[in-house]
Amino acid sequence: MKPILLLLLLSFILSSTLPAQTLNALVTGKITDTKGKSLEAVNISLKGFPIGTTSDRNGKYTLRIPANREITLQFSMIGYQISQKRLNAKAGEEIELNLLLDESSEHIQEVQVSSQARQQNMTRIDPQFGQVIPDASSGAVEALIKTLPGVSTNNELSAQYSVRGGNYDENLVYVNDIEVYRPFLVRSGQQEGLSFINSDLVSSIEFSSGGFDAKYGDKMASVLDIRYRKPSSFGASASASLLGGSLHVEDATKNQKLSFIGGARYKTNRYLLNSLDEDGDYNPRYTDLQAMVNYRVSESWEVSFLGNIAQNDYLFIPQTRTTTFGTWTQPLETKVYFDGQEKDHFNTKLGALSFNFHPNAHLNLKLIASAFQTKEEVNYDILGEYYLNELEQDWSNAGTGDSVLNLGVGSFLNHARNKLNAKVYSLTHKGAYNSDLHLLNWGFKIQHEEIDDKVNEWVMRDSTGYSLPYSDSELLLYSTVNTDNQFTTWQASAHVQDTWAVPINTGDLYLTSGIRANYRHYSSELVFSPRVSITYIPQWEKQFTFHLSGGGYAQPPFFKELKDREGNIHPEVKAQKSWQIVTGSEYLFQAWDRPFRFKSELYFKYFSRLTPYQVENVQIRYLADQQAKGYAAGLDLSIHGEFVSGIQSWASISLLQTKENIEGDGHGWIPRPTDQFLTFSLFFQDYFPGNPSYKVHLAAFYGSRLPTGPPNGERYMDTFRMPPYRRIDLGISKSIISAETSAAKKGFLKPIKDLSLSLEVLNLLGIKNTVSYFWVSSNYGDMFGVPNYLTERKLNLKLAMKF
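Definitions and cut-offs
- Residues numbered from 1 in each chain as written.
- Predicted model: local features only at pLDDT ≥ 70, side-chain atom pairs only at ≥ 80, totals over all residues.
- Heavy atoms only, no water.
- Helix = DSSP H or I, 4+ residues; strand = E, 2+ residues; numbered from the N terminus.
- Rg over C-alpha atoms; globule rule 2.2 N^0.38 Å.
- Buried < 20%, exposed > 50% of the residue type's maximum accessible area, 1.4 Å probe, protein only.
- Contact = heavy atoms within 4.5 Å.
- Areas by Shrake-Rupley, 256 points an atom, 1.4 Å probe, with all protein chains shown as cover.
- Lys, Arg positive; Asp, Glu negative; His and termini not counted.
- Charge placed at Lys NZ, Arg CZ, Asp CG, Glu CD.
- Salt bridge = Lys/Arg side-chain N within 4 Å of Asp/Glu carboxyl O.
- Pairing = 2+ DSSP bridges.
- Axes fitted to C-alpha atoms, helices over the stretch in contact; angles between N-to-C directions.
- Core = buried A, V, L, I, M, F, W, Y, C linked by side-chain atoms within 4.5 Å.
- 1 Å grid on protein atoms, 1.4 Å probe; cavity = no way out; pocket = protein on both sides within 12 Å on 5 of 7 lines; lining within 4 Å.
- Points joined across faces, edges and corners; volume = space filled by probe spheres on them.
- Nonpolar A, V, L, I, M, F, W, Y, C, P; charged D, E, K, R; others polar.
- Polar contact = N/O pair within 3.5 Å; in protein donor to acceptor, adjacent residues only side chain to side chain.
- Phe/Tyr/Trp six-rings, centres within 6.5 Å; stacked < 30°, edge-to-face > 60°.
- pLDDT = per-residue confidence, 0-100.

**Concerning the overall build of the protein**
Inference 1: Tallying secondary structure elements over the protein gives 4 helices and 45 strands in all.
Inference 2: Computed over C-alpha atoms, the radius of gyration of the protein comes to 27 Å, within 12% of the 28 Å expected from 2.2 N^0.38 for 803 residues, which places it in the range of a compact globule.
Inference 3: Counting the 803 residues in the protein, one finds 56% classified as buried.
Inference 4: Partitioning the contacts of the protein with sequence separation of at least 6, the portion at a separation of at least 24 is 67%.
Inference 5: Carbon and sulfur atoms form 57% of the exposed surface of the protein, whose accessible area is close to 33,800 Å².
Inference 6: The average position of the 77 basic charges and that of the 85 acidic charges among the side chains of the protein differ by 7 Å.

If you want it as structure tokens, here you go:
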């Protein structure tokens, strides 16, 4: 199997080095608006193929296209009408195609706000890449985010990610200005269902890994800002694979007043989970429905509704587990025999009604009423009996790998009956006023929360016939948590910020300053967060951009941050606070007549107040009875461009150090759970020269060793390092029907605009990555950490079509 996979990979890499200039033609030009202003970040794509590029700040672009065939170039940008041009070029021919894009007649105000915001500290990503990136978690947008600088992951089964030393709870996610949540009781990537974001509905993706503006909410790490599409005509798509399927439909009335877009998804990772060390009956089922309806009441008024219903069920009946680990000098093996099952339910609903008023080209007012509800249950009773053995290490012995010494025998019984019912209601107002030199943003939000959290967990452990902890008079449990917490609270937040286009003669200078305020009733705390950012684009021959941003970032505690490891609520817990500074540059250049962008950022975060936590798999357990100070410092580098002519790829590398000092524990500075010195990610695309219908997409990840520690241990003990995370996912696809072949379609194939078949090799190199540890006791009282490995190599076949 391995030689075949390596030969496939090698053939595609070699194909990119073959001379292709005689098979291609060159298109260059400049894109402007109706006022003659150069348009930056216009998407230029070859319809029906994976080829495309973007315009630079001068509106210029360069694109290689297949020769001796009729192709369609599509030019698109948010706020402007889509333009298409048909070409049929000869081999080696150079064509100059200058274009003027007309502004869209709808929602000009929001477009102007978005256009100026892109000059600041948000990275924009083409959502089309989400349709092709190979991924095991079924979170296409999050899979793209994981390839960006400053973002790290160590679990392919989860859509969660860490940004510059922050944990999952420190990431903001918006869909059409509505903050979205993930289930709270999920303990592992196996349980995690579908991401809220439906990639079939997405029109734009913007992401900030730090130093974001005051208009974004009260979190400390990152912002992911998603916009769903407002369709103007009928469209549909469907996909099916070994990991699930999806269906989406969109349409609009002839007068464009009413539009609808909706999707349904189904996911099951049973196929992947069968490659884990724990053998058993996996039966995960994840489904969701999403819909967005827009109605334009008049030229100034618009009403929209976004709704989502998700049902995630996870059933697991374990049977046996065999894990080999240790070192060359002491190879070990653990065998576990199970009885019992785990049965979890995560049901969430979200509804949001938005009113948008734009009386003129300068003013935009928005009111959003939203409601979120989650009902979650985690139930398990699992009995395990384990045997810890040392294996034969003499490779000259025929019995190599056989057990030669029993080091420990024991058992455990894990029990849980956890239930969570949570409701979050919010009312939000956002406004924007745009003048020649200023863009003013303001807003406020009132949020009401109802939490009903019941936890009943206990663990009984036995080692060599003795219950742990040992008592000669009573039976003691190894650990127990039994709480019943209900509370209702509210919080209010507000922000105001101004972006000033400073008039200078040496380039473009943008100054954004703003402040956020948040009051949380439960902790009776009022927090202010001033923020400022500067972007300078000099008028140099070489295209550079410099930026500097910083300020205060506070994160008021949600109910998770209020709980300690015993489940007790600590109302005295205050907001986590940080002061951050980010500086960087961006350099646009041409290499091999292709556009490239090199970006670098240096950052420092000082945390004046932290709530320490511990992580197991994707579960975060806060230590609400403790408080700490900390810092994070790092460097992010990325290169983005056409490594293969006409198709985008990028690579990112990041350095990070983050530590904390828990007050009063006497152990000084210790690594935070996200302290990962080096991370590297790559998203690479290629196609056969002269035949772009054959494509290859590769996603690669490396993350150095993360700290961890024994179960129920003190925080200072979490200094043992897990092995590094290493993974490569490869996708190979064939476009069967595209815009180029649509004229030849007949019969039942006629409605299909695009049809592709792809083969994904997940975990190409077959590396067994460690996500956490299962701890067992030896006969001598020593603790051994048995690795919980992630998925092995799997093949995934996917069929996708568009109508």
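Moving on from the model shown.
**Focus on the pattern of salt bridges**
Inference 1: Within this structure, the stated rule accounts for 32 salt bridges.
Inference 2: Its salt-bridge partner being Arg265, residue Asp288 comes within 2.7 Å of it at the nearest N-O pair. On the criterion of sequence distance, the pair formed by Asp288 in strand 19 (residues 278-296) and Arg265 in strand 18 (residues 258-267) is long-range, its members being 23 residues apart. Each member of the pair Asp288 and Arg265 is classed as buried.

**Topic: the side chain of Lys366**
Inference 1: For Lys366, the location among the structural elements is in strand 22 (residues 363-391).
Inference 2: The buried category is assigned to Lys366, whose relative accessible area is 11%.

**Some remarks on the sheet that holds strand 2 (residues 43-46)**
Inference 1: With antiparallel pairing, 4 strands are arranged side by side in an open sheet as 3-2-5-6. With partners counted over all chains shown, the strands left at the sheet margins are strand 3 (52-54) and strand 6 (80-88), one partner each. Going across the sheet, the axis of each strand differs from the next one's by a mean of 15°, ignoring polarity.

**Considering the nonpolar core**
Inference 1: Core analysis: the largest hydrophobic core is formed by 87 residues, its most contacted members being Ile145, Ile205, Leu224, Ile226 and Tyr228.
Inference 2: With 7 residues, strand 22 is the single largest residue contributor to this core.
Inference 3: In this structure, Tyr228 is in contact with Val175, Asn176, Phe196, Ile197, Asn198, Leu201, Val202, Ser203, Gln290, Met292 and Leu306, ignoring residues within four places of it in sequence.
Inference 4: Counting 21 residues, the second-largest nonpolar core is a separate cluster that includes Ala25, Ile31, Leu46 and Leu97.

**So, the pairing of strand 12 (residues 171-175)**
Inference 1: Taken across its 5 residues, strand 12 has 5 buried, putting it largely inside the fold.
Inference 2: Going residue by residue along strand 12, you find Asn171, Val173 and Val175 tucked away on one face and Leu172 and Tyr174 tucked away on the opposite face as well.
Inference 3: Sheet topology places strand 12 next to strand 13 (residues 178-179); 2 bridges connect them, and they run antiparallel. Note that in strand 13 the partner of Val175 across the bridge is Ile178.

**Thoughts on the sheet that holds strand 15 (residues 222-228)**
Inference 1: The 5 strands are arranged 9-14-15-12-13 in an open sheet whose pairing can be described as mixed. Of all strands in the sheet, those with a lone pairing partner are strand 9 (123-125) and strand 13, marking the two edges.
Inference 2: As judged from the 6 bridges shared by strand 14 (residues 202-208) and strand 15, these two strands associate in the antiparallel manner. Its bridge partner lying in strand 15, Glu206 is registered against Asp225.

**Some details on empty space enclosed by the protein**
Inference 1: Counted by the stated rule, this structure contains 10 cavities of 30 Å³ or more.
Inference 2: Top contributing element to the lining of the second largest cavity by residue count: strand 33 (residues 619-622), with 4 residues.
Inference 3: Residue composition of the lining of the second largest cavity, grouped by class: 11 nonpolar, 3 polar and 8 charged.

**Considerations on the environment of Tyr631**
Inference 1: Relative to the helices and strands, Tyr631 is located in strand 34 (residues 628-644).
Inference 2: Along the chain, Tyr631 and Gln580 lie 51 residues apart, while their C-alpha atoms are 9.6 Å from each other.
Inference 3: Dropping the residues within four chain positions of it, Tyr631 is found in contact with Phe604, Lys605, Tyr606, Phe607, Gln657, Thr658, Lys659 and Trp669.
Inference 4: A polar atom in the side chain of Tyr631 sits 2.9 Å from the side chain of Gln657.

**Description of unusual backbone geometry**
Inference 1: Non-glycine residue Asn176 carries a positive phi angle of around 50°.
Inference 2: Mapped onto the fold, Asn176 is located in the loop between strand 12 and strand 13.
Inference 3: Positive phi values are uncommon outside glycine, yet Asn763 reaches one of about 60°.
Inference 4: Along the chain, Asn763 falls in the loop between strand 42 (754-762) and strand 43 (770-777).

**So, the environment of Ala240**
Inference 1: For Ala240, the position within the fold is in strand 16 (residues 235-241).
Inference 2: Sequence separation between Ala240 and Lys798 is 558 residues, and the spatial gap between their C-alpha atoms is 5.7 Å.

**Examining the packing of aromatic side chains**
Inference 1: The tally for this structure, following the rule as stated, stands at 33 aromatic pairs.
Inference 2: On the basis of an interplanar angle of 45° and a centroid distance of 6.1 Å, the ring pair of Tyr174 and Tyr216 is categorised as tilted. A residue pair is termed long-range when its members are at least 10 positions apart, and Tyr174 in strand 12 and Tyr216 in the loop between strand 14 and strand 15 qualify at 42 residues. Both residues of the pair, Tyr174 and Tyr216, count as buried.
Inference 3: With a centroid separation of 5.0 Å and 75° between ring planes, the pair formed by Phe212 and Tyr553 is classed as edge-to-face. Linking Phe212 in the loop between strand 14 and strand 15 with Tyr553 in strand 29 (residues 543-555), this pair joins segments that are 341 residues apart in sequence. Neither residue differs from the other here; Phe212 and Tyr553 are each classed as buried.

**Things to note about the side chain of Gln447**
Inference 1: Along the chain, the position of Gln447 falls in strand 24 (residues 438-463).
Inference 2: A polar side-chain atom of Gln447 sits 3.5 Å from a polar atom in the side chain of Tyr181.
Inference 3: Contact partners of Gln447, with chain neighbours within four places excluded, come to Tyr181, Val424, Tyr425, Ser426, Thr489, Trp490 and Gln491.

**Thoughts on the confidence of the model for the protein**
Inference 1: Averaged over every residue, the pLDDT of the protein is 87; the share at 70 or more is 91%.
Inference 2: Ranking the elements of the protein by mean pLDDT puts helix 2 (residues 108-117) last with 41 and strand 11 (residues 162-163) first with 96.
Inference 3: This model gives residues 1-22 a pLDDT under 50, and the stretch forms 24 contacts once residues within four places in sequence are excluded.

**Here we look at the pairing of strand 23 (residues 403-434)**
Inference 1: Bridge analysis of strand 22 against strand 23 gives 29 bridges, and the strand direction is antiparallel. When the sheet's bridge partners are listed, Ser370 is paired in strand 23 with Ser426.
Inference 2: For strand 23 and strand 24, the ladder comprises 23 bridges, and the chain directions are antiparallel. The residue bridging Asn414 from the neighbouring strand is Val459, located in strand 24.
Inference 3: Hairpin connection, strand 23 to strand 24: the antiparallel pair is bridged by 3 residues.

**Let's talk about the environment of Thr34**
Inference 1: Looking at the secondary structure, you find Thr34 in the loop between strand 1 (24-33) and strand 2.
Inference 2: On the basis of relative accessibility, which here comes to 47%, the residue Thr34 falls in the partly exposed class.
Inference 3: A C-alpha to C-alpha distance of 6.7 Å links Thr34 and Leu101, two positions 67 residues apart in sequence.
Inference 4: Those residues in contact with Thr34 that lie beyond four places of it in its chain are Leu100, Leu101 and Asp102.

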